[in-house]
Amino acid sequence: MDDLEQLVPSTAREDSDGEEENNAPVLPTHQRPSINASNIMEQSWCSVRQRVFGAASNIQGTHEINENIAPQYESLDYDICENTLMRREEDSKGDKFVFRKRIARWFVFLLIGVVTALIACCIDIAIEELSSIKFRFLKYYVDLCMNDRCMYIPHLYWVATNIVPVLIGTILVTYVEPVAAGSGIPQVKCYLNGVKVPRIVRIKTLLVKSIGVTCSVLGGLAVGKEGPMIHSGAVVAAGISQGKTTSLSKDFHFFNYFREDHEKRDFVSGGAAAGVAAAFGAPMGGVLFSLEEGSSFWNQSLTWRIFFASMISTFTLNVILSAYHGFPGQLTYSGLLNFGAFPNISYEFFEIPLFVLMGVLGGILGALFNHVNLKLTLFRMKYITKKWLKVVEVLVVSSVSATVAFAMIMLIDDCRPLGQDPTKFPVQLYCGDGEYSAVASIWFQNPEASVRSLFHDPPGSHNPCTVGVFFVIYFALSCWTYGLSVSSGLFIPSLLTGAAWGRLAGMFLEYLFPNAAWTNPGKYALIGAASQLGGNVRMTISLTVILIEATANITFGLPLMITLITAKWIGDLFNEGIYDLHIHLSGVPILGWEPPQLSHNIFASQFMSFPVVKFNCIESVARIVDTLRDTIHSGFPVVTSVHDPRNQQTEAGSKLCGLILRSQLIVILQNKIFVENKEEWMGKSITLKLFRDAYPRYPKIEQIYVSELERSYTVDLRNFMNPTPYTVPLAASLPRVFKLFRGLGLRHLPVLDNRFELVGIVTRKDLAKYGTHH
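Residues numbered from 1 in each chain as written. Predicted model: local features only at pLDDT ≥ 70, side-chain atom pairs only at ≥ 80, totals over all residues. Heavy atoms only, no water.

Enquirer: Where do I start with the overall build of the protein chain in this structure?
Expert: Looking only at helices and strands, the protein chain features 29 helices and 14 strands. Split into buried and exposed, the 774 residues of the protein chain put 58% on the buried side. Taking all contacts inside the protein chain whose residues are at least 6 apart in sequence as the whole, residues at least 24 apart take part in 79%. Accessible area for the protein chain stands at about 31700 Å²; split by element, carbon and sulfur atoms hold 60% of it. (Helix = DSSP H or I, 4+ residues; strand = E, 2+ residues; numbered from the N terminus. Buried < 20%, exposed > 50% of the residue type's maximum accessible area, 1.4 Å probe, protein only. Contact = heavy atoms within 4.5 Å. Areas by Shrake-Rupley, 256 points an atom, 1.4 Å probe, with all protein chains shown as cover.)

Enquirer: Help me understand the sheet that holds strand E14 (residues 758-763), please; the structure alone is not making it clear to me.
Expert: The strands making up a sheet associate through hydrogen bonds between their backbones, and the pairing can be parallel or antiparallel. Within the open sheet, the three strands sit side by side as E12-E13-E14. Their pairing is mixed. With one partner strand each, in any of the chains shown, strand E12 (728-729) and E14 form the two edges of the open sheet. Judged from the five bridges that link them, strand E13 (residues 748-752) and E14 form a sheet pairing that is antiparallel. From the neighbouring strand, proline 750 faces E14, where its bridge partner is isoleucine 761. (Pairing = 2+ DSSP bridges.)

Enquirer: Mind showing me how you'd approach the state of the cysteines here?
Expert: Joining two cysteines, a disulfide is a covalent bond between their sulfur atoms. This structure, assessed with the given rule, holds two disulfides. Here cysteine 145 connects covalently by a disulfide to cysteine 150, the sulfurs 2.5 Å from one another. Between cysteine 145 and cysteine 150 the disulfide shows an S-S torsion of about -90 degrees. By sign, it is left-handed. Under the relative-accessibility criterion, cysteine 145 is labelled buried at 1%. Here cysteine 415 pairs with cysteine 431 through a disulfide, and the sulfurs are 2.0 Å apart. Residues cysteine 415 and cysteine 431 are joined by a disulfide whose S-S torsion is about -90 degrees; by sign, that bridge is left-handed. Here the residue cysteine 415 occupies a position in strand E5 (residues 415-417), and cysteine 431 occupies one in the loop between E5 and strand E6 (435-437), the gap between them amounting to 16 residues. For cysteine 431, a relative accessible area of 7% corresponds to the buried category. (Disulfide = S-S within 2.5 Å.)

Enquirer: Looking at this model, I keep getting lost on the pattern of salt bridges. Mind explaining?
Expert: Close approach of charged atoms allows side chains of opposite charge to pair. For the coordinates displayed, the defined rule picks out 24 salt bridges. When the shortest N-O distance is used, the salt bridge between lysine 225 and glutamate 226 registers 4.0 Å. With respect to class, lysine 225 is no different from glutamate 226; both count as buried. Note that glutamate 393 is salt-bridged to arginine 380, the shortest N-O span being 2.7 Å. Placement of the pair is glutamate 393 in helix H14 (residues 387-411) and arginine 380 in helix H13 (residues 352-383), with a sequence separation of 13 residues. Through salt bridges with shared partners, a single ionic network connects Asp124, Lys225, Glu226 and Glu448. (Salt bridge = Lys/Arg side-chain N within 4 Å of Asp/Glu carboxyl O.)

Enquirer: Whenever I open this one, the packing of helix H10 (residues 261-280) against helix H12 (residues 300-324) confuses me. Can you help?
Expert: Between two packed helices, the angle of one axis relative to the other and the distance separating the axes together describe the packing. In contact at an axis separation of 8 Å, H10 and H12 are set at 35 degrees when each is read in the N-to-C sense. Relative to H12, the crossing made by H10 is right-handed. Contacts from Asp266, Ser269, Gly270, Ala273, Ala274, Ala277 and Ala278 in H10 reach Leu302, Ile306, Ala309, Ser310, Ser313, Thr314 and Leu317 in H12. (Axes fitted to C-alpha atoms, helices over the stretch in contact; angles between N-to-C directions. Left-handed = near helix turned anticlockwise from the far one by under 90°.)

Enquirer: What is the right way to look at a nonpolar patch on the surface in this model?
Expert: Together, Ile171, Tyr175, Val176, Trp388, Val392 and Val396 line one region of the surface with nonpolar side chains, adding up to about 530 Å² of accessible area. Going through the elements one at a time, helix H6 (152-176) and H14 are the ones with two or more residues in the nonpolar patch. (Patch = residues over 30% accessible without salt bridge, like charges linked within 9 Å, V, L, I, M, F, W, Y side chains within 5 Å.)

Enquirer: Can you walk me through the pairing of E13 in this structure?
Expert: Two faces, one strand: in a regular strand the side chains alternate between the faces of the sheet. Across the five residues of E13, five count as buried, placing the element largely inside the fold. Side chains His748, Pro750 and Leu752 project from E13 onto one buried face, and the interleaved Leu749 and Val751 project onto a second face that is buried too. Looking at chain direction, E12 and E13 are connected through two bridges and run parallel. Among the inter-strand pairings, valine 728 is bridged to a residue of E13, identified as valine 751. With antiparallel pairing between neighbouring strands as the criterion, E13 and E14 make up a hairpin whose turn holds five residues, including phenylalanine 756 at a positive phi of roughly 60 degrees.

Enquirer: Sorry if this is basic, but what is going on with the environment of phenylalanine 491 here?
Expert: Relative to the assigned elements, phenylalanine 491 resides in helix H18 (residues 491-512). In the structure, phenylalanine 491 is positioned 41 residues away from glutamine 532 in sequence and 9.7 Å away in space, judged by C-alpha atoms. Among residues more than four places away in sequence, those in contact with phenylalanine 491 are Ile185, Gly227, Phe280, Leu533, Met539 and Tyr579.

Enquirer: What is the right way to look at empty space enclosed by the protein in this model?
Expert: In this approach, a probe sized like a water molecule rolls over the atoms, and the result shows the empty space that is left. Applying the stated criterion across every chain yields a total of seven cavities of 30 Å³ or more. In this model, the largest cavity occupies a volume close to 240 Å³. Lining the largest cavity are 23 residues, with Gly220, Leu221, Trp443, Gln445 and Pro447 positioned closest to its centre. Broken down by secondary-structure element, the contributors of at least two residues to the lining of the largest cavity are helix H5 (95-148), H6, helix H8 (203-218), H14, helix H15 (438-443), helix H16 (447-456) and helix H17 (464-481). (1 Å grid on protein atoms, 1.4 Å probe; cavity = no way out; pocket = protein on both sides within 12 Å on 5 of 7 lines; lining within 4 Å. Points joined across faces, edges and corners; volume = space filled by probe spheres on them.)

Enquirer: Is there a simple way to explain the packing of aromatic side chains in this structure?
Expert: Here a ring pair, both rings aromatic, is described through the centre-centre distance and the interplanar angle of the planes. In the structure shown here, the tally under the stated rule is 32 aromatic pairs. Between the aromatic rings of phenylalanine 137 and tyrosine 157, the centroid separation amounts to 5.1 Å while the plane-to-plane angle is 65 degrees, which identifies the pairing as edge-to-face. In this pair, phenylalanine 137 sits in helix H5 while tyrosine 157 sits in helix H6, placing the two residues 20 residues apart along the sequence. Judged by its relative accessible area of 31%, phenylalanine 137 is partly exposed. (Phe/Tyr/Trp six-rings, centres within 6.5 Å; stacked < 30°, edge-to-face > 60°.)

Enquirer: Explanation requested: the packing of H18 against helix H19 (residues 521-537) in the structure shown.
Expert: Relative to each other, H18 and H19 sit at 140 degrees, their axes nearing to 6 Å. Between H18 and H19, the angle falls in the class oblique. Note on packing geometry: the crossing formed by H18 with H19 is right-handed. Residue classes in the contact of H18 with H19 are distributed as eleven nonpolar, ten polar and two charged. (Parallel < 35°, antiparallel > 145°, perpendicular 65-115°, else oblique. Nonpolar A, V, L, I, M, F, W, Y, C, P; charged D, E, K, R; others polar.)

Enquirer: Explain the nonpolar core to me, please; I cannot follow it from the model alone.
Expert: The nonpolar side chains of a soluble globular protein tend to be buried, and buried together. Grouped together as the largest cluster of nonpolar side chains are 141 residues, with contacts concentrated most on Trp158, Phe339, Leu429, Trp443, Phe444 and Phe455. It is H5 that provides the largest number of residues to this core, a total of 16 residues. Contacts of leucine 429, omitting those with residues within four sequence positions, involve Val142, Met146, Met151, Ile409, Met410, Ser437 and Ala440. Counting 32 residues, the second largest nonpolar core, distinct from the first, contains Leu669, Phe674, Leu688 and Met721. (Core = buried A, V, L, I, M, F, W, Y, C linked by side-chain atoms within 4.5 Å.)

Enquirer: What is the right way to read the side chain of threonine 170 from this model?
Expert: Secondary-structure assignment places threonine 170 in helix H6. Judged by its relative accessible area of 0%, threonine 170 is buried. Ignoring anything within four residues of it in the chain, the contact list for threonine 170 reads Tyr175, Lys390, Val391, Val394, Ser485 and Val486.

Enquirer: Just to check I follow, could you spell out the environment of arginine 380 for this structure?
Expert: For arginine 380, a relative accessible area of 7% translates into the label buried. Between the alpha carbons of arginine 380 and glycine 483 there is a distance of 8.7 Å; along the sequence they are 103 residues apart. Ignoring any residue separated from it by four or fewer positions in sequence, one finds arginine 380 in contact with Thr385, Glu393, Trp480, Tyr482, Gly483 and Leu484.

Enquirer: Even after reading the chapter, I still don't get H16, so can you show me in this structure?
Expert: Side chains of residues three or four places apart in an α-helix project in the same direction, reflecting 3.6 residues per turn. When you tally the buried positions in H16, you get eight out of ten residues, the bulk of the element. For H16, every residue scored as buried is listed here: Pro447, Glu448, Ala449, Ser450, Val451, Ser453, Leu454 and Phe455. Its buried side turned inward, H16 meets helix H9 (226-242), H15, H17, H18 and H19.

Enquirer: Is there a simple way to explain H12 in this structure?
Expert: Over its 25 residues, H12 runs 36 Å from end to end, which matches the ideal 36 Å to within 8%, given 1.5 Å per residue. Backbone geometry just after H12 places glycine 326 at a positive phi near 90 degrees. (Expected span 1.5 Å × (residues − 1).)

Enquirer: I keep staring at unusual backbone geometry and nothing clicks. Help me out?
Expert: Note on backbone geometry: most residues besides glycine have negative phi, and most peptide bonds are trans. With an omega dihedral of -5 degrees, the bond running from phenylalanine 610 to proline 611 counts as a cis peptide bond. Along the polypeptide, proline 611 turns up in the loop between helix H23 (604-607) and strand E7 (615-616). A cis amide bond links tyrosine 695 with the next residue in sequence, proline 696, at an omega value of 0 degrees. For proline 696, the location among the structural elements is in the loop between helix H26 (689-694) and helix H27 (708-711). Even without a glycine there, the phi angle at arginine 199 is positive, about 65 degrees. Mapped onto the elements of the fold, arginine 199 is located in the loop between strand E2 (195-196) and H8. Phi at arginine 538 takes a positive value of approximately 60 degrees, unusual for a residue other than glycine.

Pasting the structure below:
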């Protein structure tokens, strides 16, 4: 049967009398009509306009409305469009296609794990080699200038070796790809929640992120490389699963059937989990991270595939790094962050209250960190807006970091015998022969190595004054650094800060109970690290499992869990987690796990958008083009006109027939699929391939040429629209609508009256405005 005859019938345009709507702005909440649920069913044949626009303007409830929603963010369309094209494609496919698609899905997850691990290895090896050169160079001049009394020279060299790589990283982020700034975890979280963050999963973002985080760590900033690995894994997943790269304008013409938002979301979930697995050697922690922090949709088969990608990522990285460090085949390097094994760690029952107290302290310090960083971010958003100012700020922070570290090394006298040195580059400074400076050992290595030192150095390796001063300095530096225009992670700074005050607490207990076997400073350093990280990011389940896997000790799972839960509860009393704070500052319409409290008395009529811009089933090209140019809406209901048989003088209502997206209309206009030129499409196949080839970067309406003659043509939307969109009645409560959006990944939700006529539409931004500050 000819495709064209089914898709482009030769019917004339239907009468659209009363359908033309202006793109009126959405009314503020205090001006919107309140329609009592008990009266809705009684108003059976009242005019739609009388019910909606003529109702009283009093709103039930006193809920605060958040208007700080940025307009540039769109929703992803996780709902499957079951239109005629989709059903026809499904009918033409057999069991072989289903089997082939299932195998391809597993193969893509395999590639995600391998490629993510390869990127992690490249970053880790680059940092390792370049850092060795840097610290060897600095050690040489420190030792040389101690005798010649020219210590200002190594200080200047330290500042220079910080500034040069940091300058490269910040220029790439600031001028080439700003979305690569930070860890990328808030952006990935938004994407998995259903928000389209511009440029987040492009190959250019991946390149800038990888080079930028290498430069940031090498430049001595208080950052880590583990957080950005989560973003990198998400970009890898998005790229491989689509079989094309829009950044390089290259289409490899495979995996075409995965070019949909809901398919891409599943792969990005696996990429984020593979990033966690590569960073911490924690495949199960990666799965739980993707579940706890991001995905709004989950099922058993997806869990298996994500776990598979995480295991492959851990295994691949383990093989490569073990060979790089001279232990091929031993598989001793399971992640970028190697905490080292805690084989003999144990705890007593009476220590549990101590862990709770450390959780309380971690929650307070985390809340303080988040509050100070929030104020700094607001200051940056207000005053540091020009690109060159962002670069200058990064260079200032890098210089201050080197200067403060150098001053600490010079002013604190903390010498330890050689043989216990925890660094590859021990510096003598003012210490005697056969001794090294313990202060310099903390700074003359990467932050990951410093974390291991605080975890595993034997008792007596550090002076309490050294650890205390280091905690204060690094806490301030990490708070100042997070939010700069560089690629950076927060995990390592939080772990290092917490390990410092945790080891300080362990040293204090060791002083109080000198002969007690349970007073192990390294054990309390681990608890402090977990507490500080939990107080900053407010993660519980995934972070507990990540730390258990990273330490290879299941016995310590209960203390870690108790500490993390306590830190989260205490921190939540003051503010939100650092990622959530930055998400809200960006104005992203993210939806939480639960709807706003005490909101069952708020109905769809109070927060829906109206009047609705809609199309007829057979619509003129002119009106479609004009509407797309005049509005920024991404979805449009498709309706037919209906009249009240009891009163022919009332205005026609709108019977909902389906929902069509802006992207679909763009493709239709681009390919000239009009009723009047069906002869041009004779013998051609109109399939979903047309839409998948244009995904995800559809052309703008301004890029599509429509002649004056074509403007008089019509388009039959019935074969392209989703004929069965989810809908809700006017009386639907806010929690019910919220759960539909959150659970099904919806983008638009039409609102119908009791006669099933369209009266409004709910979008993600409507819910985010209502629910952000409950």
